[in-house]
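Tertiary structure, described
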Amino acid sequence: QVQLVESGGGLVQAGDSLRLSCAASGRTFSSSVMAWFRQAPGKEREFVAAIAWSGGIIKYADSVKGRFTISRDNAKNTVYLQMNSLKPEDTAVYYCAVDLHVVIPTTTPSRYDYWGQGTQVTVSS
């Protein structure tokens, strides 16, 4: 079992920045890809960004490209999402996810095996 604990969400104004963290743990933990998804009220879960455990392969959704940066610290088993120039449309619950089956980041939620509890990000105008 892999456990993911997210933190860093909050209420900010448009143009502000936030840094989300996702700490992974578990005796069987071994991750090839970690990703961030988000879900706004009344909408399906949406891909945000993903990063391979090795190789430095990164993928972003078009809606966040140039504003968000995903990174990892393997020694701490932690993945980060630096969010700059936040917009009201970024408001959502942000989830961390782990895919243990592939090396190349994927964008489909069903591909991911483990999920965090989510952290709320609210951006006001």
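Report follows, based on the coordinates. (Residues numbered from 1 in each chain as written. Predicted model: local features only at pLDDT ≥ 70, side-chain atom pairs only at ≥ 80, totals over all residues. Heavy atoms only, no water.)

1. Remarks on the overall build of the protein
Looking only at helices and strands, the protein features 0 helices and 11 strands. For the protein, whose C-alpha radius of gyration is 14 Å, the value lies close to the compact-globule estimate of 14 Å for 125 residues. Expressed along its principal axes, the backbone C-alpha trace of the protein runs to roughly 40 × 30 × 25 Å. Counting across all 125 residues of the protein, residues that qualify as buried make up 42%. Sequence-distant contacts, at least 24 apart, represent 58% of the contacts inside the protein between residues at least 6 apart. With an accessible surface of roughly 6300 Å², the protein has 47% of that area assigned to carbon and sulfur atoms. Across the protein, 12 positive and 10 negative side-chain charges occur, with their mean positions spaced 3 Å apart. (Helix = DSSP H or I, 4+ residues; strand = E, 2+ residues; numbered from the N terminus. Rg over C-alpha atoms; globule rule 2.2 N^0.38 Å. Buried < 20%, exposed > 50% of the residue type's maximum accessible area, 1.4 Å probe, protein only. Contact = heavy atoms within 4.5 Å. Areas by Shrake-Rupley, 256 points an atom, 1.4 Å probe, with all protein chains shown as cover. Lys, Arg positive; Asp, Glu negative; His and termini not counted. Charge placed at Lys NZ, Arg CZ, Asp CG, Glu CD.)

2. Concerning unusual backbone geometry
Although it is not a glycine, Asn 77 adopts a positive phi angle of roughly 50°. Turning to its location among the elements, Asn 77 is positioned in the loop between strand S7 (68-73) and strand S8 (78-83). Overall, Asn 77 belongs to the partly exposed group, its relative accessible area being 26%. One non-glycine residue, Ser 85, lies in positive phi territory at about 50°. Inspection of the secondary structure puts Ser 85 in the loop between S8 and strand S9 (92-99).

3. Here we look at the pattern of salt bridges
Counting across every chain of the model gives 4 salt bridges. Between Arg 38 and Glu 46 there is a salt bridge, with the nearest N and O atoms lying 3.0 Å from each other. What makes Arg 38 buried here is its relative accessible area of 5%. The closest approach of N and O atoms between Lys 65 and Asp 62, which form a salt bridge, is 3.3 Å. Of the two residues, Lys 65 and Asp 62, both sit in the exposed class. Overlapping salt bridges, with partners in common, bring together Arg 38, Glu 46, Arg 67 and Asp 90 in one network. (Salt bridge = Lys/Arg side-chain N within 4 Å of Asp/Glu carboxyl O.)

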